[in-house]
Every structure is written in structure tokens, then in C-alpha cells.
Amino acid sequence: QVQLVESGGGLVQAGGSLRLSCVSSRNIFNFNVMAWYRQAAGKQRELVASITSGDNTNYADSVKGRFTISRDNVKNTVYLQMNSLKPEDTAVYYCNFAVVTPISRLRSDYWGQGTQVTVSS
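Position numbers for residues count from 1 along each chain, tracking the sequence in the order it is written. Local features in a predicted model are, by the rule used here, given only for residues with pLDDT of at least 70; side-chain atom pairs are given and counted only at 80 or more, and totals for whole chains, interfaces and linings are based on all residues. Calculation of side-chain values draws on the structure's entire complement of heavy atoms; hydrogens and water are dropped beforehand.

Draft legend 1. Layout of the packing of aromatic side chains. Two rings belonging to Phe, Tyr or Trp (six-membered ring only in the last case) form a pair when the distance between their centres is within 6.5 Å. Interplanar angles under 30 degrees mark stacking, angles over 60 mark edge-to-face geometry, and anything in between is tilted. As enumerated under the stated definition, the model contains 3 aromatic pairs in all. Centroid distance phenylalanine 31 to phenylalanine 97: 5.0 Å. Interplanar angle 70°. Geometry classified as edge-to-face. With phenylalanine 31 in the loop between strand E3 (18-24) and strand E4 (33-39) and phenylalanine 97 in strand E9 (residues 91-100), this residue pair connects regions lying 66 residues apart in the sequence. Summarising the aromatic geometry, the rings of phenylalanine 31 and tyrosine 110 are spaced 6.1 Å apart at their centres and angled 75° between planes, so their arrangement reads as edge-to-face. Of the two residues, phenylalanine 31 sits in the loop between E3 and E4 while tyrosine 110 sits in strand E10 (residues 107-111), which places them 79 residues apart along the sequence. Neither residue differs from the other here; phenylalanine 31 and tyrosine 110 are each classed as buried. Put simply, the rings of Phe31, Phe97 and Tyr110 pair up and form one aromatic cluster. Directly above the aromatic system of tyrosine 94 lies the positively charged group of arginine 45, at a separation of 3.8 Å from the ring centroid. By definition, being over a ring means that NZ of Lys or CZ of Arg is both within 6 Å of the ring centre and within 35 degrees of the ring normal. The residue whose ring lies beneath arginine 45 is tryptophan 111, and the NZ or CZ to ring-centre distance is 4.7 Å. Counting from the N terminus, the helices are the DSSP runs of H or I reaching at least four residues and the strands are the DSSP runs of E reaching at least two. Note on classification: 1.4 Å probe, protein chains only; a residue is buried when its accessible area is under 20% of the maximum for its type, exposed when over 50%, partly exposed between these limits.

Draft legend 2. Expanded view of the nonpolar core. Take the buried Ala, Val, Leu, Ile, Met, Phe, Trp, Tyr and Cys residues and link them wherever side-chain atoms come within 4.5 Å; each set so joined is a nonpolar core. Counting residues in hydrophobic clusters, the biggest one holds 29 residues, and the most contacted among them are Trp36, Leu80, Met82, Tyr93 and Phe97. At the level of secondary structure, the elements contributing two or more residues to this core comprise E3, E4, strand E5 (46-52), strand E7 (67-72), strand E8 (77-82), E9 and strand E11 (115-120). No other element matches the 4 residues that E9 contributes to this core. Working rule for contacts: check all heavy atoms of both residues, and any pair within 4.5 Å makes them a contact. Residues in contact with phenylalanine 97, not counting those within four places in the same chain, are Leu4, Cys22, Ser24, Ile28, Phe31, Val33, Met34, Val78, Ser108, Asp109 and Tyr110.

Structure (C-alpha cells):
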């Protein structure tokens, strides 16, 4: 079983920065895609950013130019650097690691417990 532990959330003023971390209990080379999602109160969970095993990154339009996803293979950690934060970034942020079986293309998803990010205006 894979455990993902997030940290780094908190309360910050608009324009500030936070860095979220997600530590995996398994070597991250085992995963095909690692991502951050967020869910604001009363809204559906949405993809914020993702990074593949080949280091391809993808961002939601709302965070492009402000957020950066990265990984540290030695520490088995994926980060989300969030700059120029806005009140609308307020949400619970979840890390998600996925394994896709090569032939069957079956996907197994693993989730962290979530960390609250609150941006005050």
C-alpha cells in the first residue's frame, strides 16, 4: 500500500507564496503521473498541475505562470510551489500518484489526505 503525506498548507495573504510537499512511501519512479488537485468548498475537485515520469508538466489555465510542480527523486517527494496566490486559490489540496499498467492501461490512483490552503484578501 502506498502512503502519501502532504504538508505545507496554511493561511497566507493574497500575493503571498506557499510550497506544498507530498512524500511517498514508495519510490516515485514507480508512478507514471504525479499531480496536485484541489477542491474548494461546494465545488468539484479539479486538476491543478501534473508531472509525468518523463518530466512533462501540465497546468490548469488558472494557475499557469504562478504555480510550479516539481519532484525530488531522492526524497520521493513532489512539490507544488504556489506564488502570487489569490483568494480563489483557497481550497483543500490533494496529491495524487497514479500507476498505469502498460498493456491493459488499467490505472491505480493513490491520494494524500489533503492540506488546507487559505488565501485572505
